[in-house]
Amino acid sequence: CLFSHKSSKREWKPLEDHSCTDVPWLLLFILFCIGMGFICGFSIATGAAARLLSGYDSYGNICGQKNVKVEGIVNSGLDLTHKKYVFFLDPCNIDLVHQKIKSIALCVSACPRKELKTLADIQKFAETNGSTLCSYELQPSEYTTDPRAAKLCPKYPVPESAPIPFFHRCAPVNISCYAKFAEALITFVSDSSVLHRLISGVMTSKEIIMGLCLLSLVLSMILMVIIRYISRVLVWILTVLVILGSLGGTGVLWWLYAKQRLSASALDTQIAKDNLQALLIYAIAATVFTVILFLIMLIMRKRVALTIALFHVAGKVFIHLPLLVFQPFWTFFVLILFWTYWITVLLFLGTTGSPVPNEEGFVEFRMAGPLKYMWWYHVVGLIWISEFILACQQMTVAGAVVTYYFTREKRNLPFTPILASVNRLVCYHLGTVAKGSFIITLVKIPRMILMYIHTQLKGKENACARCMLKACICCLWCLEKCLTYLNQNAYTATAINSTNFCTSAKDAFVILVENALRVAAINTVGDFMLFLGKVLIVCSTGLAGVMLLNYQRDYTIWVLPLIIVCLFAFLVAHCFLSIYEMVVDVLFLCFAIDTKYNDGSPGREFYMDKVLMEFVENSRKSMKEAGRGGGAEGRELKPM
C-alpha cells in the first residue's frame with residue numbers, strides 16, 4: 001500500500017461515480033476458489049466420497065459394492081453388495097491421541113439391535129439375521145469351536161447398536177460406551193448419572209430454551225432501537241462508576257497503608273516491612289493512575305458528546321434502513337453453508353488416497369507426493385473465504401450507511417439501500433474485499449501455527465520459549481485487530497470514493513490519525529456502552545430463565561439449560577450490537593470527512609444530521625469563548 005500513487009490530499013466526492021477496484025485480486029480469489037473446487041472434485045473422483053458415506057472395512061473394501069483386489073492384502077476385493085454397514089469389533093476402544101477407533105472394521109448386513117453376551121449369541125445372531133459379526137474367514141458354524149474366534153470375533157458383550165443416518169456405521173446406543181472419551185472432553189462430569197441428568201434437563205426444557213432464545217433475539221432488536229435514547233444515561237453511569245471506583249480503590253489502599261504502618265511500628269519484622277512497602281507502591285501507583293484517568297476524562301469530556309451524537313444518529317439509520325438488522329442472519333447463514341461444505345470436503349480428504357498396508361496388516365488410505373499437502377490449501381481456504389464473507393458484510397453495511405449519510409434529502413434514498421449496496425459490492429468492489437480479507441488471512445495463519453506449536457509443546461518447552469511464544473501470539477492478535485479496524489474503514493472509504501484498497505486504507509488512516517482523540521473516545525466509551533447492552537440482554541434473559549425454570553418440576557438439574565440460554569443470548573447480542581458498532585464507526589468516518597472538506601458555507605454545506613450539527617455548533621461556540629475560534633471556524637452553520 002505504500003506504493004499507492006494517488007494522493008490523500010485530493011477532494012472527496014461521495015457517491016459521484018463508481019468504478020471497478022482491485023480487479024487482479026478478484027481474479028486471484030476466483031482462481032483460489034477454483035483450486036478449492038478441484039480439491040473437492042479430486043477427493044470425489046478418487047472414491048473418497050463413497051468411502052466416507054458407505055464406509056469401508058479394515059481390508060480396504062467399500063461396504064455395499066463390489067471391490068477391487070489390493071495387492072498383498074487378504075480379504076480384499078470382496079463382493080459386499082449385501083453388506084452395507086460398518087461394524088467395529090471393539091467400538092469402545094478409542095485412541096484419543098490419534099482420534100480414531102482402534103478396532104478391526106468389518107462390513108455387515110445388519111447392526112446388532114440387542115446386546116450379545118457370548119459367542120453363542122453372536123453365532124445365533126448370524127444364523128438368524130444373516131449378519132456375520134466375525135471376520136470374513138470364519139463361518140458362523142465355527143464361532144464357538146475355532147480358537148481364532150477370540151481375535152477375529154467382536155469383544156463381548158457386544159453392545160446394542162444402531163446405524164448412523166447417511167453414514168452406514170454401527171454405533172453403540174448406550175453413550176456410556178464412550179465414557180473415556182466423554183471424560184476427556186467434559187472433565188467436570190465424573191459420574192455418568194450426572195451427564196444423564198444434564199441431558200434430560202435439556203431435553204425436557206427444550207421449549208423453554210427456544211422461548212428464551214427468541215426472547216434474547218427480541219431484546220437485542222429492541223435495544224438497537226432505544227439505545228440512542230439511553231446513550232447519554234449510559235455515559236453518565238460509566239463516568240460515575242469510573243470516578244467512584246478509582247477514588248474508592250485509591251482511598252482503600254492509602255487507608256490500609258496507614259493502618260499497616262501503625263502496626264508495623266509495633267511489630268518490627270521483615271515481613272511487616274515488606275508488606276508496608278508493597279502497600280505504599282500500590283497506593284502510589286493507584287494515585288498516579290487516578291490522576292492520569294481524571295486528566296484523560298477532562299481532555300476527552302467534549303469528545304464524549306460526539307459519541308452520544310453518533311449513537312443517536314445510528315439509531316436513526318436503523319429506522320431508515322431496517323434491513324440492517326437482518327445482516328447477521330444472512331452472514332451467519334452463508335458462513336454455515338460454507339463451513340458445512342468445508343467440513344464435508346475435509347472428511348473426504350481424510351479418506352482420499354491409495355490403499356497402503358500398515359504395520360498391522362490392514363489397509364489405510366494415504367496420499368503420496370505433493371497431493372498430501374492439499375489439506376494445507378484447504379485450511380487456508382477456510383480462513384480466507386470466511387474472512388471474505390465477513391468483509392462482504394462490512395462492505396455492505398458501509399455502503400448502505402454511506403448512502404444514508406451523503407444523501408441530503410432522506411426522502412431520495414433508494415428503495416432498498418442494502419440491496420443497492422450489495423449490487424455495488426458485486427459489480428465493483430469484490431476485488432477490494434478479497435484483498436482486505438487476504439491481508440487478515442496472512443496474519444491469522446502465523447498466529448494459528450504458533451498456537452498449534454504452543455499446544456504441542458505444552459509441558460516440554462522451557463519458560464523462556466513459552467514466554468516468547470505467548471508474546472508472539474499476543475502481538476499477532478493485536479496486529480490482526482488493528483488491521484481489521486483499518487480494513488473496515490478502508491471499505492468505508494471505498495464505498496465513498498470507489499478507490500482501490502490501498503488508496504482507501506491510506507485515506508482512512510490519515511483521517512483517523514487526524515481525529516485520534518475522537519477515535520479513542522468512541523472506541524472506549526462506545527465499546528463500553530455496547531458491552532453494557534450485551535450484559536443487559538444476557539442478565540435479562542438469564543433472569544427470565546431462572547424464573548421459568550424454577551417452576552419446572554420434570555427434571556433435577558437446570559444449570560446446563562440456563563448456561564445454553566445465556567451463551568446464546570450473548571452470541572445474539574454480540575452479533576446485533578457488532579452491527580451497531582460497525583454503523584457508528586462508518587458514521588464517524590463520514591462525519592470526519594464531512595467536517596474536513598465542508599464548513600457550512602454556500603457550496604460547501606454539511607451532509608450531517610441535525611444532532612451532529614448541534615455538536616459542531618456547540619464545539620465552535622466553546623472554542624470561540626475560549627479565544628481559540630475565528631475565521632471559518634466561527635462561521636454559523638447553514639441548515640441542511
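See the structure printed just above.
Thresholds applied
- Residues numbered from 1 in each chain as written.
- Predicted model: local features only at pLDDT ≥ 70, side-chain atom pairs only at ≥ 80, totals over all residues.
- Heavy atoms only, no water.
- Helix = DSSP H or I, 4+ residues; strand = E, 2+ residues; numbered from the N terminus.
- Buried < 20%, exposed > 50% of the residue type's maximum accessible area, 1.4 Å probe, protein only.
- Contact = heavy atoms within 4.5 Å.
- Areas by Shrake-Rupley, 256 points an atom, 1.4 Å probe, with all protein chains shown as cover.
- Disulfide = S-S within 2.5 Å.
- Pairing = 2+ DSSP bridges.
- Salt bridge = Lys/Arg side-chain N within 4 Å of Asp/Glu carboxyl O.
- Expected span 1.5 Å × (residues − 1).
- Core = buried A, V, L, I, M, F, W, Y, C linked by side-chain atoms within 4.5 Å.
- Phe/Tyr/Trp six-rings, centres within 6.5 Å; stacked < 30°, edge-to-face > 60°.
- Polar contact = N/O pair within 3.5 Å; in protein donor to acceptor, adjacent residues only side chain to side chain.
- Axes fitted to C-alpha atoms, helices over the stretch in contact; angles between N-to-C directions.
- Parallel < 35°, antiparallel > 145°, perpendicular 65-115°, else oblique.
- Left-handed = near helix turned anticlockwise from the far one by under 90°.
- Nonpolar A, V, L, I, M, F, W, Y, C, P; charged D, E, K, R; others polar.

Caption draft 1: Up close: the overall build of the protein. Helix and strand content of the protein: 16 helices and 8 strands. By residue count, 43% of the 640 residues in the protein fall in the buried class. When contacts within the protein are restricted to residue pairs at least 6 apart in sequence, those whose partners lie at least 24 apart make up 71%. Entry remark: accessible area of the protein is about 34,600 Å², with carbon and sulfur atoms responsible for 68%.

Caption draft 2: Local environment of the state of the cysteines. Under the definition given, this model contains 3 disulfides. The partner cysteine of Cys134 in its disulfide is Cys153, sulfur to sulfur 1.9 Å. With the S-S bond torsion at 110 degrees, the cross-link from Cys134 to Cys153 turns out right-handed. Here Cys134, found in the loop between helix H3 (119-129) and helix H4 (149-152), pairs with Cys153, found in the loop between H4 and strand S5 (161-163); they are 19 residues apart in sequence, far enough to count as distant. The thiol of Cys539 is unpaired, and the distance to the nearest cysteine sulfur, on Cys566, comes to 8.1 Å. The class for Cys539 is partly exposed, based on a relative accessible area of 48%.

Caption draft 3: Highlighting the pairing of strand S4 (residues 105-108). Residues Ala105 and Cys107 point to one face of S4 and Leu106 and Val108 to the other, with burial holding for every one of them. Note: strand S1 (residues 85-88) against S4, 4 bridges, orientation antiparallel. When the bridges of S4 are listed, Val86 appears paired with Cys107.

Caption draft 4: Up close: the pattern of salt bridges. Enumeration according to the criterion identifies 5 salt bridges in this entry. For Asp146, the salt bridge is made with Arg148, and the minimal N-O distance between the two is 3.1 Å. The partly exposed category is assigned to Arg148, whose relative accessible area is 41%. One salt bridge connects Glu387 with Lys444, and the closest N-O pair in it is separated by 3.8 Å. Of this pair, Glu387 sits in helix H10 (residues 374-405) while Lys444 sits in helix H11 (residues 417-456), and the two are 57 residues apart along the sequence. You can call Glu387 buried: its relative accessible area is 16%. Taking the relative accessible area as the measure of exposure, Lys444 reaches 17% and is therefore buried. Several salt bridges share partner residues, and in doing so they unite Glu387, Lys444, Arg447 and Glu480 into one network.

Caption draft 5: Here's a closer look at the side chain of Gln394. Mapped onto the elements of the fold, Gln394 is located in helix H10. The buried category is assigned to Gln394, whose relative accessible area is 14%. Ignoring sequence-local partners within four residues, the contact set of Gln394 consists of Thr484, Gln488, Tyr491 and Met582.

Caption draft 6: Representation of helix H12 (residues 463-497). Helix length check: H12 (35 residues) gives 51 Å between terminal C-alpha atoms against 51 Å at 1.5 Å per residue, within 8%. Of the residues one or two after H12, Ser498 is the one with positive phi, at around 60 degrees.

Caption draft 7: Broad picture of the nonpolar core. Core analysis: the largest hydrophobic core is formed by 64 residues, its most contacted members being Leu324, Tyr405, Tyr580, Val583, Leu587 and Leu612. Residue assignment for this core shows that the elements contributing at least two residues are helix H7 (206-266), helix H8 (270-320), H10, H12, helix H13 (501-514), helix H14 (516-549), helix H15 (559-597) and helix H16 (610-625). Dropping the residues within four chain positions of it, Tyr405 is found in contact with Lys410, Leu587, Cys590, Phe591, Asp594, Tyr607, Met608 and Leu612. Judged by nonpolar contacts, the second largest core, of 33 residues, contains Leu89, Leu106, Cys134 and Phe365.

Caption draft 8: Structural view of the environment of Gly37. Structurally, the position occupied by Gly37 is in helix H1 (residues 23-45). Exposure remark for Gly37: the relative accessible area of 36% places this residue in the partly exposed category. On a C-alpha basis, the gap between Gly37 and His378 in space is 10.0 Å, while along the polypeptide they are 341 residues apart.

Caption draft 9: Here's a closer look at the pairing of strand S7 (residues 354-357). Here 4 bridges tie S7 to strand S8 (residues 363-366), and the two strands are oriented antiparallel to one another. By the bridge assignment, Pro355 is partnered in S8 with Phe365. Taking the residues between adjacent antiparallel strands as the criterion, S7 and S8 are bridged by 5 residues, where Gly361 takes a positive phi near 85 degrees.

Caption draft 10: Seen up close, the environment of Met210. With respect to the helices, strands and loops of the structure, Met210 is situated in helix H7. Judged by its relative accessible area of 61%, Met210 is exposed. Between the C-alpha atom of Met210 and that of Val565, which follows or precedes it by 355 residues, the distance is 8.4 Å.

Caption draft 11: Structural context of the packing of aromatic side chains. One pass over the structure, following the stated rule, counts 15 aromatic pairs. Measuring from ring centre to ring centre gives 5.3 Å for Trp25 and Phe438, while their planes differ by 45 degrees; the resulting arrangement is tilted. Of this pair, Trp25 sits in helix H1 while Phe438 sits in helix H11, and the two are 413 residues apart along the sequence. Looking at Trp25, the relative accessible area reads 23%, which means it is partly exposed. With a centroid separation of 5.0 Å and 55 degrees between ring planes, the pair formed by Phe32 and Trp384 is classed as tilted. One end of the pair, Phe32, is in helix H1; the other, Trp384, is in helix H10, and 352 residues separate them in sequence. A single burial state applies to Phe32 and to Trp384, both of which are buried. Through pairs of rings, three or more aromatic residues link up here, namely Trp25, Phe29, Phe32, Tyr377, Trp384, Phe388 and Phe438.

Caption draft 12: Structural detail: H13. Here H13 contains 14 residues, and its C-alpha end-to-end distance of 20 Å stays within 8% of the 20 Å for a straight helix at 1.5 Å per residue. By the burial criterion, the buried members of H13 are Phe501, Cys502, Thr503, Ser504, Ala505, Asp507, Ala508, Ile511 and Leu512. Where H13 begins, the capping side chain belongs to Asn500, and its oxygen is found 3.3 Å from the backbone nitrogen of Cys502.

Caption draft 13: Expanded view of the packing of H1 against helix H9 (residues 327-350). Taken N-terminus to C-terminus, the directions of H1 and H9 make an angle of 45 degrees; their axes are 9 Å apart at the nearest point. With respect to their mutual orientation, H1 and H9 come out oblique. Judged by the twist between their axes, the crossing of H1 over H9 is left-handed. Here Met36, Gly37, Ile39, Cys40, Ser43 and Ile44 of H1 lie close against H9, whose contacting residues are Tyr341, Trp342, Val345, Phe348 and Leu349. Residue classes in the contact of H1 with H9 are distributed as 9 nonpolar, 2 polar and no charged.

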